[in-house]
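Inside the fold
Here are the chains, one letter per residue:
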Amino acid sequence: MMNFTLNDTTRFLLFAAVILTMPIWLIPLGGGYPDLMQKFAIYGIFAIGFNILFGLTGYLSFGHAAFLGVGSYAAVWSFKLFTMNVIPAVLFGVLFAGLLAFIIGFLSLRRSGIYFSILTLAFAQMSYNLAYSVLTPVTYGETGLQLSQQDPRLIDNLFIEEVSTGLPSTTLFGIKMSGYSGFYFCAVILILCFFISMRIFRSPFGLMLKGIKSNQNRMKYTGLNTRPYMLTAFVISGMYAGLAGSLLAVTDPLAGAERMQWTASGEVVLMTILGGVGTLVGPMLGAGLIKYFENIFSGFDNNVLTNAFSFLPDSVAEVVVPVVGLFVGGGWHLTLGILFVVIVIYLPGGIVEGLSRLMAMLRKRERPVNGNMKPQDQPGE
Amino acid sequence: MDNLVLHLDNINKSFGGLKALTDVNLQVEEGTTHAIIGPNGAGKSTLLNVCVGRLKPDVGHVTFDGQELTGKQPHEIAQIGVARVFQTPEIFPEMTLLENVMLPAFSKRDGAFRMNAHHQLSSQAEIRDEAEHILEDVGLKEQMLNEAGSLSRGDKRRLELGMCLILHPRLLLLDEPTAGMSRHDTNRTIDLLKKIKSRGMTKIIIEHDMHVVFSLADKVSVLARGQIIAGGSPEEVREDERVKEAYLGGAH
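The shown structure was predicted, so the numbers you read here are calculated from the model rather than taken from an experiment.

Rules behind the numbers
- Counting from 1, residues in each chain are numbered in the order their sequence is written.
- Following the order in which they are written, the chains are lettered starting with A and the ligands numbered starting with 1.
- Predicted model: local features are reported for residues with pLDDT of at least 70 only, side-chain atom pairs are reported and counted for 80 or more only, and whole-chain, interface and lining totals are derived from all residues.
- To qualify as a helix, a DSSP run of H or I must reach at least 4 residues; to qualify as a strand, a run of E must reach at least 2; elements of each kind are numbered from the N terminus.
- Computation of the radius of gyration draws on C-alpha atoms, with the globule rule given as 2.2 Å multiplied by the number of residues to the power 0.38.
- Three exposure classes are used, all based on how many other C-beta atoms lie within 10 Å of a residue's own C-beta (placed from the backbone): buried at 20 or more, exposed at 12 or fewer, and partly exposed between those limits.
- Contact definition: two residues whose C-beta atoms, as placed from backbone geometry, lie within 7 Å.
- Strands were regarded as paired on the criterion that DSSP finds at least two bridges between them.
- Lines fitted to C-alpha atoms define the axes, with helix axes restricted to the stretch in contact, and inter-axis angles between N-to-C directions lie between 0 and 180 degrees.
- Polarity classes work like this: nonpolar for Ala, Val, Leu, Ile, Met, Phe, Trp, Tyr, Cys and Pro, charged for Asp, Glu, Lys and Arg, and polar for all others, with Gly in that last group.
- Where each domain begins and ends is defined by an automated method or by a domain database.
- Note on angle classes: values under 35 degrees are labelled roughly parallel, values over 145 roughly antiparallel, values of 65 to 115 roughly perpendicular, and the remainder oblique.
- The crossing is said to be left-handed when, going from far helix to near helix, the turn is anticlockwise and less than a right angle, and right-handed when the turn is clockwise.

**Topic: the overall build of chain B**
Within chain B, the regular secondary structure consists of nine helices and 10 strands. Against the compact-globule benchmark of 18 Å for 252 residues, chain B has a radius of gyration of 19 Å, which places it among compact chains. Projected onto its principal axes, the C-alpha coordinates of chain B cover approximately 60 × 40 × 35 Å. Expressed as a percentage of the 252 residues in chain B, the buried residues total 46%. Taking the contacts inside chain B whose residues are at least 6 apart along the sequence as the reference set, 67% of them involve residues at least 24 apart.

Structural data, given as structure tokens:
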């Protein structure tokens with residue numbers, strides 16, 4: 001059944017191709033190693049899910065880190081109690097994040113606008129503090145939840161008799177989830193998540209969410225109950241966050257409360273706005289850019305810069321290197337901050353808007369050259 | 001007179017010390033157009049707000065076709081079949097005209113909430129056809145892929161009317177549907193409202209423009225200072241001394 005237009009099919013295939021070929025085209029950019037690409041994919045999932053809530057309904061949650069954290073805890077507990085297989089871990093992560101999202105969403109969605117944001121922030125900080133205090137038996141507080149050799153791993157132990165030394169690693173039916181196999185696992189899930197998000201955007205349900213963002217009054221007087229629509233969107237985006245959290249645990253099987261801190265919630269807001277709120281690929285772009293800055297750009301030190309500017313005469317390079325050095329390495333936050341300010345002011349639609357403007361500009365410039373117009377038809381010549 | 005479909009019984013509503021509506025009683029016959037006229041601040045919009053559930057009356061009841069509307073949520077009242085065109089058009093400005101009209105069509109088909117994320121808009125041919133049909137009725141089909149926010153005020157009103165019509169309401173409430181329109185646009189809207197008159201829905205219309213009232217209404221009620229002071233056929237009301245006084249007020 002061909003349910004979506006050709007445009008969407010190509011968009012989806014293009015997205016899948018770009019994600020799967022990341023190990024190739026990221027090499028010249030210095031990011032072609034699996035750990036980082038895994039992070040791109042995981043935070044891409046986080047941001048795509050966040051965008052289903054923020055992009056479609058306009059409800060800005062400042063508490064999505066709570067779902068990320070719960071996803072991680074649930075996944076690590078699944079590793080400890082049942083099996084090192086990642087499938088149950090991911091399912092538990094999604095399930096528990098969904099449950100928490102239902103509770104937080106049910107309460108927070110009684111208010112809108114800034115009050116909604118504050119409520120979600122409060123609930124997330126509450127979760128964060130609970131993880132450090134009352135819930136220590138579950139979360140292991142400051143130490144964080146880790147694997148240990150004494151873990152029961154009930155399902156695994158049914159099949160494997162021998163006791164190995166050292167901690168087991170996460171697997172997908174025997175394939176170790178480290179290095180490239182780990183990345184491809186996350187990449188496939190990311191592509192799946194993108195597909196689901198695209199379907200939601202193009203569905204009647206997605207139209208309802210856009211209606212909520214556009215005019216809630218009209219929704220009500222049209223006979224639509226907005227609350228369950230918003231709650232469903234909230235739970236879906238919470239589940240995306242839980243999925244991302246559980247994948248973080250798949251790559252590195254430990255979970256700590258710092259994952260739930262408000263800065264992590266803020267980060268996903270930045271990713272979404274930077275890439276383009278309410279667009280399909282924007283959140284992925286934003287997530288990739290921020291993670292790239294955090295991991296690669298921050299590694300550029302003065303040695304790298306001196307090499308890069310070695311073509312300049314020494315007298316010039318001595319001035320240029322320290323100035324540029326302010327913006328890279330430890331100063332990457334500064335660059336990101338400036339970029340963020342510039343984008344919010346000049347491109348409210350984020351990178352996606354910038355790209356589409358660029359495309360429009362190029363098309364306009366190309367047309368007189370490549371078009372079928374005869375020279376005498378061209379105006380002003 | 002058995003086919004009275006809307007009953008407003010003894011409606012009272014006050015805001016603080018201000019009595020907006022006092023003992024308002026109103027019956028509307030099924031399939032007719034009932035105009036409510038009155039000077040500014042007479043409580044006309046408050047009356048509509050009470051009907052659609054935006055406001056809860058302090059005293060009194062609203063019943064539609066035997067169903068109690070008082071105390072119900074706006075979306076529940078809308079699902080019963082009461083639609084409203086607002087004084088300032090309530091549309092979805094960021095969406096295309098087509099989407100603006102398709103959205104209510106889903107409300108009509110699927111009810112107040114349905115989790116239909118697995119379907120795709122592009123596969124809903126029936127809804128799309130119906131929406132295009134309605135847009136043709138209100139004269140906006142050529143622009144159906146434009147953003148609704150870019151429409152002129154008159155076109156926005158027509159769009160909102162289309163969004164209400166696709167709900168196939170049994171009662172349509174129109175709050176000054178021609179306010180701020182040019183004479184030409186007003187006449188077009190009158191024609192449109194006359195066209196839908198034949199569909200047998202009951203309409204309540206609030207209007208200042210007497211030309212519109214006399215073109216459309218079967219019955220007229222006059223509201224002044226929160227009370228209904230006169231009612232009857234348009235001709236009767238026109239001749240009523242109290243009405244003249246209410247409109248001219250203490251001006252002389």
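**Considerations on the sheet that holds strand 10 (residues 227-232) of chain B**
Through backbone hydrogen bonds, the strands of a sheet pair up, either in parallel or in antiparallel fashion. Residue and element names in this part refer to chain B. With respect to topology, six strands assemble into an open sheet ordered 6-7-8-3-9-10, the strand pairing being mixed. The open sheet is flanked by strand 6 (82-85) and strand 10, the only strands paired with a single partner. Pairs of neighbouring strands in the sheet enclose a mean axial angle of 20 degrees, with direction left out of account. Both strand 9 (residues 219-224) and strand 10 contribute to a ladder of five bridges, which runs antiparallel. In the strand pairing of strand 10, serine 221 is matched with glycine 231. Contacting strand 3 (33-37), strand 6, strand 7 (171-175), strand 8 (202-206) and strand 9, helix 1 (residues 44-52) crosses the sheet at an angle of about 150 degrees to strand 7.

**Some thoughts on the interface of chain A and chain B**
Of the residues lining the interface, 25 residues belong to chain A; the matching set on chain B comes to 32 residues. By residue number, the principal contributor to the side of chain A that touches chain B is helix 10 (residues 204-214) of chain A, which donates six residues. Taken together, the residues of the side of chain A that touches chain B break down into nine nonpolar, 11 polar and five charged.

**Overview of the domain arrangement of chain A**
One frequent convention defines the size of an interface as the accessible area lost when the parts assemble. Residue and element names in this part refer to chain A. As assigned here, chain A comprises domain 1 (6-280) and domain 2 (296-368). If you average the C-alpha positions of domain 1 and of domain 2, the two centres end up 30 Å apart. Contact with domain 1, which involves nine residues of that partner, is made by nine residues of domain 2. Split into classes, the residues belonging to the side of domain 1 that touches domain 2 amount to four nonpolar, five polar and no charged.

**Some details on the packing of helix 3 (residues 34-57) of chain A against helix 9 (residues 179-201) of chain A**
For any two helices packed against each other, the geometry is given by the interaxial angle and the distance between the axes. Residues and elements named next belong to chain A. Packing of helix 3 against helix 9 brings their axes to within 9 Å, and their N-to-C directions diverge by 20 degrees. Relative to helix 9, the element helix 3 lies roughly parallel. As helix 3 runs across helix 9, the sense of the crossing is left-handed. Contacts from Pro34, Met37, Gln38, Ala41, Ile42, Gly44, Ile45, Ile48 and Ile52 in helix 3 reach Gly179, Tyr180, Gly182, Phe183, Cys186, Ala187, Ile189, Leu190, Cys193, Phe194, Ser197 and Ile200 in helix 9.

**Side note on the domain arrangement of chain B**
All names here are of chain B. Once the domains are mapped, chain B shows domain 1 (1-81 + 169-252) and domain 2 (90-168). Computed from C-alpha coordinates alone, the two centres of domain 1 and domain 2 are separated by 26 Å. The interface is formed by 11 residues belonging to domain 1 together with 11 residues belonging to domain 2. Elements that contribute at least two residues to the side of domain 1 that touches domain 2 include exactly helix 2 (74-80) and helix 6 (183-197).

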